[in-house]
Amino acid sequence: MSFLFQPEEIDKIVTDEMGKMKIPGAAVTIVKGDRVVYTKGFGRANERGDTVTQKAAFYIGSSSKSFTAMAIMQLSERELLNIDDPVVKYLPWFTLADKSAAREITIRQLLNHTSGFSTYEGMKVFNRDADESLETITRHSRYFRISRKAGTSYEYSNLNYVLAGEIIQAVSGMSYGEYIEKNIFQPLEMHNSFASNDKALRYGIASGYQPIFGHVKNTKYEFHPAIIPAGYLVTCADDISHYLIANLNGGLYKGTRVLSAEGMDKLHTKSSPASDHYGLGWFDYGELIHHGGSCENYHATMMLVPAETWGIFVHYNINDNISGAFVKGSFAGGETVSYDRIQSRIVNYLTQKETLSPIIATAGGFYPKMNTVLALLFILIAGLGTAYCTSSSLLLPVLITCNIVLPAVLLKFIPRVFKATWKAICRFGAGYGHAFLAVPIVLFVFGILKIILFL
């Protein structure tokens, strides 16, 4: 018996999970072949309570990387660049502390995350001034560090796509935003999509939310335009359906070609023996082609099921990177925050089997447990610190170990665990990130107090 798509089943999945996970707003689009079969918004777009529609604009996080990769492939097909050329051919000033290493990195290695740049190095961009341009940041490449030889292994890094964005500018003679709008958004009739934050704000972007210690709060952050190629394009469910159709149909949308079928296949296919799954801007899982995206307070996920010509996109005006670091599902290498249950259930419904199984767990019990652990930790630190400060003796080994060495280790170690700078941790993990930072600071303060009181 053939599968009969029923829109109300998608409605049930989305509303059920949004209620369980306290998601303020979301929008879903589903395409089959070259047709849009479902597009709908749910919940609230902002503090005023405006309803999310299929035209509501959200940041789509690292799903933006697929657009940057498509732009590079377009330039390749126009013979303006070769993706196997070294980066320095197009950015002659590009260098690293190890100049020979810089000459080895190719455009392909940027796009498939085998350049040698680490996840941590990619998050350091958030430490820079928010008003710095893409070109300004990439011209500081001499401060970038690689953690391994180019081409030898995979590690996801936003820095790869920041550099790819600058290559697009250098080769095309346009700004990154102008190029994307002219060569992807316009031909795909993506009229409510933006590669400029100013344009997105004028259009009216949905407010972003985060669970702060489990309580959903509206949050705002300074915008870094230099990271747009890696994770800050803006689009809506209506528009992204056109993009999904082009990806499923060899680069064609309503007779307009944005890329050759061969070029599209290269984007979707694993691109290096050093990477298990990454193609060029997409994760290649064979049956499924996928890319998720996480900003501080927005989340998105795109998925293609080529054999059955399904395309699915879900985006939310909320993100939860903290529970996402602990609540994992079976979709290794893709985004695995708890909100992806919606994506998983939709895919399983469309394919009529457990394509994504087990479905990613909810984070329902995470916050009470985490809050309890943190409360007990701070009570313990406060109790021991107070007892030590009020004691009559100064135990130098204890002071050095607990109030100097341990805080220093934590300040250095925690960012390495989460593969992000402290600034990025506090942005993407608001609440808990600040609590993690407070631990070494409090320990250090107790040490200073002890010295003052003893003297």
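Residues numbered from 1 in each chain as written. Predicted model: local features only at pLDDT ≥ 70, side-chain atom pairs only at ≥ 80, totals over all residues. Heavy atoms only, no water.

## Quick word on the overall build of the protein
No. 1: Across its full length, the protein carries 18 helices and twelve strands.
No. 2: Its C-alpha atoms give the protein a radius of gyration of 23 Å, within 12% of the compact-globule value 23 Å for 455 residues.
No. 3: Projected onto its principal axes, the C-alpha coordinates of the protein cover approximately 85 × 55 × 40 Å.
No. 4: Going through the 455 residues of the protein one by one, you find that 57% of them count as buried.
No. 5: For the protein, long-range pairs separated by at least 24 residues make up 70% of all intrachain contacts whose partners lie at least 6 apart in sequence. (Helix = DSSP H or I, 4+ residues; strand = E, 2+ residues; numbered from the N terminus. Rg over C-alpha atoms; globule rule 2.2 N^0.38 Å. Buried < 20%, exposed > 50% of the residue type's maximum accessible area, 1.4 Å probe, protein only. Contact = heavy atoms within 4.5 Å.)

## Focus: unusual backbone geometry
No. 1: With a phi close to 60°, Glu-79 is a non-glycine residue in the positive phi region.
No. 2: Mapped onto the elements, Glu-79 comes out in the loop between helix H2 (64-77) and helix H3 (99-104).
No. 3: At Glu-189, a residue that is not glycine, the phi angle is positive and equals roughly 55°.
No. 4: With respect to the element layout, Glu-189 can be found in the loop between helix H8 (176-185) and helix H9 (197-203).

## Digging into the packing of aromatic side chains
Given two aromatic rings, one states the distance between the centres and the angle between the planes to describe the pair.
No. 1: Applying the stated criterion to the full structure yields 26 aromatic pairs.
No. 2: Ring geometry for Tyr-156 and Tyr-278: centres 6.2 Å apart, planes at 75°, overall edge-to-face. Of this pair, Tyr-156 sits in the loop between helix H6 (134-138) and helix H7 (158-172) while Tyr-278 is found in the loop between helix H12 (261-268) and strand E9 (283-284), placing the two residues 122 residues apart along the sequence.
No. 3: Taking 6.3 Å as the distance between ring centres and 80° as the angle between the ring planes, the aromatic pair formed by Phe-366 and Tyr-432 counts as edge-to-face. Of this pair, Phe-366 sits in helix H15 (residues 366-390) while Tyr-432 is found in helix H18 (residues 432-454), placing the two residues 66 residues apart along the sequence. (Phe/Tyr/Trp six-rings, centres within 6.5 Å; stacked < 30°, edge-to-face > 60°.)

## Re the pairing of strand E5 (residues 215-218)
No. 1: Of the strand pairs in this sheet, strand E4 (residues 209-212) and E5 are connected by four bridges, and their pairing is antiparallel. Residue pairing in the sheet places Gln-210 in a bridge with Lys-217 of E5.
No. 2: In sequence, E4 turns back onto E5 through a hairpin of two residues, with Phe-213 there showing a positive phi of about 55°. (Pairing = 2+ DSSP bridges.)

## Overview of the pairing of strand E12 (residues 310-316)
No. 1: With seven of seven residues buried, E12 lies mostly within the body of the structure.
No. 2: Bridge count between strand E1 (residues 25-32) and E12: seven bridges; the pairing is antiparallel. Of the residues in E12, the one forming a bridge with Lys-32 is Trp-310.
No. 3: Pairing analysis gives seven bridges linking strand E11 (residues 299-305) to E12, with the strands arranged antiparallel. What sits directly across from Leu-304, in E12, is Gly-311.
No. 4: Counting the residues that bridge the hairpin from E11 to E12 gives four residues, and of these Thr-309 lies at a positive phi of roughly 50°.

## Considerations on the pattern of salt bridges
No. 1: Using the criterion set out here, one finds 22 salt bridges in the structure.
No. 2: Put simply, Arg-48 and Asp-50 hold a salt bridge, and the shortest N to O gap is 2.6 Å.
No. 3: Connected through shared salt-bridge partners, Asp-16, Glu-17, Lys-20, Arg-341 and Arg-345 make up one network. (Salt bridge = Lys/Arg side-chain N within 4 Å of Asp/Glu carboxyl O.)

## Remarks on empty space enclosed by the protein
No. 1: Inspection of the entire model under this criterion finds one cavity of 30 Å³ or more.
No. 2: Put simply, the largest cavity is a space of about 50 Å³.
No. 3: Lining the largest cavity we find Gln-210, Pro-211, Asn-319, Asp-320, Asn-321, Ile-322, Phe-428, Gly-429, Ala-430 and Tyr-432.
No. 4: Where the lining of the largest cavity is concerned, the elements lending two or more residues are E4 and helix H13 (321-326).
No. 5: Taken together, the residues that form the lining of the largest cavity break down as five nonpolar, four polar and one charged. (1 Å grid on protein atoms, 1.4 Å probe; cavity = no way out; pocket = protein on both sides within 12 Å on 5 of 7 lines; lining within 4 Å. Points joined across faces, edges and corners; volume = space filled by probe spheres on them. Nonpolar A, V, L, I, M, F, W, Y, C, P; charged D, E, K, R; others polar.)

## As for the environment of Leu-252
No. 1: Here Leu-252 shows up in strand E7 (residues 252-253).
No. 2: Not counting the four nearest positions on each side in its chain, Leu-252 is found in contact with Ile-245, Ala-246 and Arg-257.

## Quick word on a nonpolar patch on the surface
No. 1: A contiguous nonpolar patch, built from Leu-396, Ile-400, Ile-404, Val-405, Val-409, Phe-413 and Val-417 and spanning about 610 Å² of accessible area, is present on the exposed surface.
No. 2: As for its placement among the helices and strands, Leu-396 is situated in helix H16 (residues 396-418). (Patch = residues over 30% accessible without salt bridge, like charges linked within 9 Å, V, L, I, M, F, W, Y side chains within 5 Å. Areas by Shrake-Rupley, 256 points an atom, 1.4 Å probe, with all protein chains shown as cover.)

## Points about the confidence of the model for the protein
No. 1: Summary statistics for the protein give a mean pLDDT of 91 and a share of 95% for residues scoring 70 or more.
No. 2: Contacts of residues 330-335 to residues separated by more than four positions or lying in other chains number 21 contacts, the stretch itself having pLDDT below 50. (pLDDT = per-residue confidence, 0-100.)

## What to know about H2
No. 1: In this model, H2 (14 residues) spans 20 Å end to end at C-alpha, consistent with the 20 Å of a helix rising 1.5 Å per residue.
No. 2: Of all 14 residues in H2, twelve are buried, a share of seventy percent or more.
No. 3: Where H2 terminates, the next one or two residues include Glu-79, which has phi positive at roughly 60°. (Expected span 1.5 Å × (residues − 1).)

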